[in-house]
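Each chain, letter by letter, is given below.
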Amino acid sequence: MAAFRLCALLCWLSLTAVATSHAGSEKPSDTLDKEFHRQRREVLRQQLPPRSVAVLFASPVRNRANDVDYYYHPDPDFYYLTGYKEPNAVLLLFGSPQNVGGKQVQELLFVQPNNPMHELWNGKRLGVEGAAKELGIATLPNTDFSNFKLDTANLQHILIKELPHDVRDDAADEADLYSLLGQFKTKVNYPADFSATRSMLYGIVREHGLGQAEGVSVYIQEAMQQEPELKRDKPLQGYLEAKDMRSRTKAVAAVPSQKLDAYTLDQLLDGMREVKTEAEINLLRKAASMSAVGQIEVMKAMKPGMSEMEVQGIHEFVFKKYGAQHVGYPSIVGAGNNGCVLHYTSSAKPAISGQELVLMDVGAEYLGYTADVTRTIPANGKFTKEQRAIYELVLKAQEAGFAQCKVGNAFNAPHQAAEAVIADGLVKLGIIKKREEVQRYFPHGTSHYLGLDVHDRGSFGPFQANTVITVEPGIYIPEGSPCDRKWWGIGMRIEDDILITEKGWENLSKLAPRTVAEIEKTMAQPSALDGFKLPQLN
Ligand code: GLY
Ligand code: MN
Ligand code: MN
């Protein structure tokens, strides 16, 4: 009796704890709700072929060193479709209902069960019942996946993404990702030499091999450089060797249809994630606004002698203050020549000099959605003549890019417009002799999609309404460049997050000062950090 009472009390206590944490008090009210994720699954399912299953895995836990792992980042597709943020999970979405244990189901999520010892160290898990309730999906423990019968004989298509690599085996966990992947491979008779790249190339050849033969051939050749075994693939070789329509038609027909398919699911997710819902746009707007305020606060606080690390810290403090959980990518804060390193992340310079520019490419990640905002400012608050000339040119290129952000325009239109402005401007300033040399100083693209990933999924087709992209031209003139040395050490990028709408475009990061006058005016303002001093450490 006593034992029963103790157990009843413990059960009651644990239920209370679950009820409190699920009451939502710790969840921001704009967290995407289960209806959002349900609709995403529904939209995907409607595009699946009959007799198909889409199989998605949670992303792996990555070890940092010894007992410490990196922060866990859910696979963005997995989060998008489920809202589940824990590791060691599998999602099955069926193109047509399947009989599972006498019930017709269209989806199944296998999740980590509750485990008090694990939760004591690492925090609460949703558990099987919690996941079913919070996420609204039919849910089973991941330990059931091994015995789950996937009726492969009756399935015509098994759609996957490239399976995660370098997954560690936790020998004590029979349902960690390592085991789940092994169990899946057994179920589907996964060929030892399966190549996701080959599967993708087969898909591309079947879909675009006749209409876009030149581009497809170049793509295959590039993939063969990366993965030389593909050079021995007969259907791909046959396609490359076909030089006229008749032989190409035959070569396309010779590409085998794929039951295990690592092409189609990526295509469908690219199409879906490119176009944002209103709830996603609100999260991106918030992330972009936080990031813009970070830029303002740094502009006010910036003083010569500050370190790159300190500047990074101010941005990231502002994000945290607003409740952003993470940065969307390692922050890039580079002064002087460091600003010419496109993805400089070490923030190693201990003291920025007054004459230097500081390039700050920093983005808050709020509830999974990331901003990507860059401003480049003079450390002492005033642009020099040369710095201003380059800044005005990058700004003009960005404006030209904005003007191309229209529904129906080619994805590349902002880049072409921005690059043309920079090419002309660099010739005029005498930094290059011919327009064709522009890529020496502007070596990257102008835009990428933005969303759950900083370089988000998308189809790269004509722009659609409710797409968010960056517009981020830059000019980088490292020391030693073949031009007048007065330009050396200028590294400049201006990057904003642009929502394409039916009516035009909206700058989601518009709070960040952008013109020379706005930046100099903001930098002249006092900062809350002006009197902030820490004791000297020996
Ligand atoms: N922050 C990385 C990029 O601008 O693409
Ligand atoms: Mn970017
Ligand atoms: Mn960026």
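Predicted, not measured: the structure shown is a model, and the values here were computed from it.

Below, the discussion takes up the overall build of the chain. Across its full length, the chain holds 16 helices and 19 strands. Its C-alpha radius of gyration of 26 Å places the chain within 12% of the 24 Å reference for a compact globule of 538 residues. Going through the 538 residues of the chain one by one, you find that 51% of them count as buried. Expressed as a percentage of contacts within the chain between residues at least 6 apart in sequence, the contacts between residues at least 24 apart total 70%. When the accessible surface of the chain is totalled, it reaches about 26800 Å², and 54% of it is carbon and sulfur. Seen as two clouds, the 59 positive and the 66 negative side-chain charges of the chain have centres 2 Å apart.

Turning to the site of ligand 1, a few remarks are in order. As a structural note, the neighbourhood of ligand 1 is formed by Tyr329, His343, Asp361, Asp372, His448, His455, Glu472 and Glu495. In this structure, an oxygen atom belonging to ligand 1 sits 3.2 Å away from a side-chain N or O atom of glutamate 495. Here ligand 1 has 190 Å² of accessible area as a free molecule, and 92% of this is covered by the chains.

Another point: the sheet that holds strand E13 (residues 369-370). The antiparallel open sheet is built from three strands, whose spatial order is E9-E12-E13. Taken across any chain shown, the strands that pair with only one partner, and hence form the sheet edges, are strand E9 (326-327) and E13. Bridging between E9 and strand E12 (residues 364-366) involves two bridges; their strand directions are antiparallel. Bridging from a neighbouring strand, histidine 326 pairs with glutamate 365 of E12. In the packing of helix H12 (residues 278-301) onto the sheet, the strands contacted are E12 and E13, and the crossing angle to E12 comes to about 150°.

The next thing to look at is the UniProt feature "domain: Aminopeptidase P N-terminal" (unreviewed entry) in the chain. UniProt's entry tags residues 32-169 with the feature "domain: Aminopeptidase P N-terminal" (unreviewed entry), counted in the numbering of this structure. Counted over residues 32-169, helix gives 27% and strand 28%. Its end C-alpha atoms are 32 Å apart.

Donor atoms from the polypeptide that bind the manganese ion (ligand 2) are Asp372 (OD), His448 (NE2), Glu472 (OE) and Glu495 (OE), placed at 2.0 to 2.1 Å. For the manganese ion (ligand 2), the six donor atoms are set out with angles of 49 to 158° between them, so the coordination reads as irregular. The distance between the manganese ion (ligand 2) and the manganese ion (ligand 3) comes to 3.2 Å, with aspartate 372 serving as a donor to both metals. Highlighted residues: histidine 448 in the loop between helix H15 (413-428) and strand E15 (467-471) and glutamate 495 in the loop between strand E17 (490-493) and strand E18 (496-500), separated in sequence by 47 residues. With a relative accessible area of 11%, histidine 448 lands in the buried category.

Rules of the game
Residues numbered from 1 in each chain as written. Chains lettered and ligands numbered in written order. Predicted model: local features only at pLDDT ≥ 70, side-chain atom pairs only at ≥ 80, totals over all residues. Heavy atoms only, no water. Helix = DSSP H or I, 4+ residues; strand = E, 2+ residues; numbered from the N terminus. Rg over C-alpha atoms; globule rule 2.2 N^0.38 Å. Buried < 20%, exposed > 50% of the residue type's maximum accessible area, 1.4 Å probe, protein only. Contact = heavy atoms within 4.5 Å. Areas by Shrake-Rupley, 256 points an atom, 1.4 Å probe, with all protein chains shown as cover. Lys, Arg positive; Asp, Glu negative; His and termini not counted. Charge placed at Lys NZ, Arg CZ, Asp CG, Glu CD. Near = heavy atom within 4 Å. Polar contact = N/O pair within 3.5 Å; in protein donor to acceptor, adjacent residues only side chain to side chain. Pairing = 2+ DSSP bridges. Axes fitted to C-alpha atoms, helices over the stretch in contact; angles between N-to-C directions. UniProt positions renumbered as here; feature names shortened; annotations may be inferred. Donors = N, O, S within 2.8 Å, 3.2 Å for Na, K, Ca; no water. Tetrahedral: all angles 85-135°; square planar, octahedral: opposite > 155°, others 65-115°.

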